[in-house]
Amino acid sequence: TPSAEVLAAKPNLLLEMLSLLCALRHPRAEIMRAVVEEGMTRAAQNDKMQERVTQQGINMAVSQATQGQVTALPPEVSKAATDFIRQNPDQVMELMRLATQLRK
């Protein structure tokens with residue numbers, strides 16, 4: 001039985017084990033499949049919710065920064081900005097420090 005750490009590092013093992021149990025018609029296989037499916041559905045919904053909240057926050061910031069002249073950015077632009085922030089946190093912090101200094 002793999003540990004939680006092993007499953008976290010290699011989530012495909014869980015799906016492989018589930019497939020094997022289904023193929024062997026294990027009595028608990030259907031229950032496990034339903035639990036995994038529910039978890040994956042919730043995770044996908046959570047990702048969509050995070051994207052919506054992020055989009056709303058970016059739109060509010062853009063609207064405030066442009067004094068209402070621009071009220072929304074396309075989702076692709078927001079996603080690119082979010083990806084940049086995740087991949088370059090140090091650069092983003094430096095930009096925020098500079099922006100704070102410019103406001104003084």
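Residues numbered from 1 in each chain as written. Predicted model: local features only at pLDDT ≥ 70, side-chain atom pairs only at ≥ 80, totals over all residues. Heavy atoms only, no water.

(A) Summary view of the overall build of the protein. Looking only at helices and strands, the protein features 5 helices and 0 strands. Order of helices (α) and strands (β) in the protein, N terminus to C terminus: α-α-α-α-α. Here the C-alpha radius of gyration of the protein, 22 Å, is well above what a compact globule of 104 residues would show, namely 13 Å. If you line up the protein on its principal axes, its C-alpha atoms span 65 × 25 × 15 Å. Looking at the protein as a whole, 11% of its 104 residues are labelled buried. Surface exposure of the protein reaches about 8900 Å², of which carbon and sulfur atoms provide 60%. The averaged location of the 11 negative side-chain charges in the protein is 3 Å from the averaged location of its 12 positive side-chain charges. (Helix = DSSP H or I, 4+ residues; strand = E, 2+ residues; numbered from the N terminus. Rg over C-alpha atoms; globule rule 2.2 N^0.38 Å. Buried < 20%, exposed > 50% of the residue type's maximum accessible area, 1.4 Å probe, protein only. Areas by Shrake-Rupley, 256 points an atom, 1.4 Å probe, with all protein chains shown as cover. Lys, Arg positive; Asp, Glu negative; His and termini not counted. Charge placed at Lys NZ, Arg CZ, Asp CG, Glu CD.)

(B) Fine view of the side chain of Asn59. Note that Asn59 resides in helix α3 (residues 29-65). We classify Asn59 as buried; its relative accessible area is 16%. Setting aside residues up to four positions removed in sequence, Asn59 forms contacts with Thr71, Ala72 and Leu73. (Contact = heavy atoms within 4.5 Å.)

(C) View of helix α2 (residues 12-23). Helix length check: α2 (12 residues) gives 16 Å between terminal C-alpha atoms against 16 Å at 1.5 Å per residue, within 8%. One or two residues past the end of α2 sits Arg25, with phi positive at roughly 55°. (Expected span 1.5 Å × (residues − 1).)

Note that all results are geometric; they support no functional claim without further evidence.
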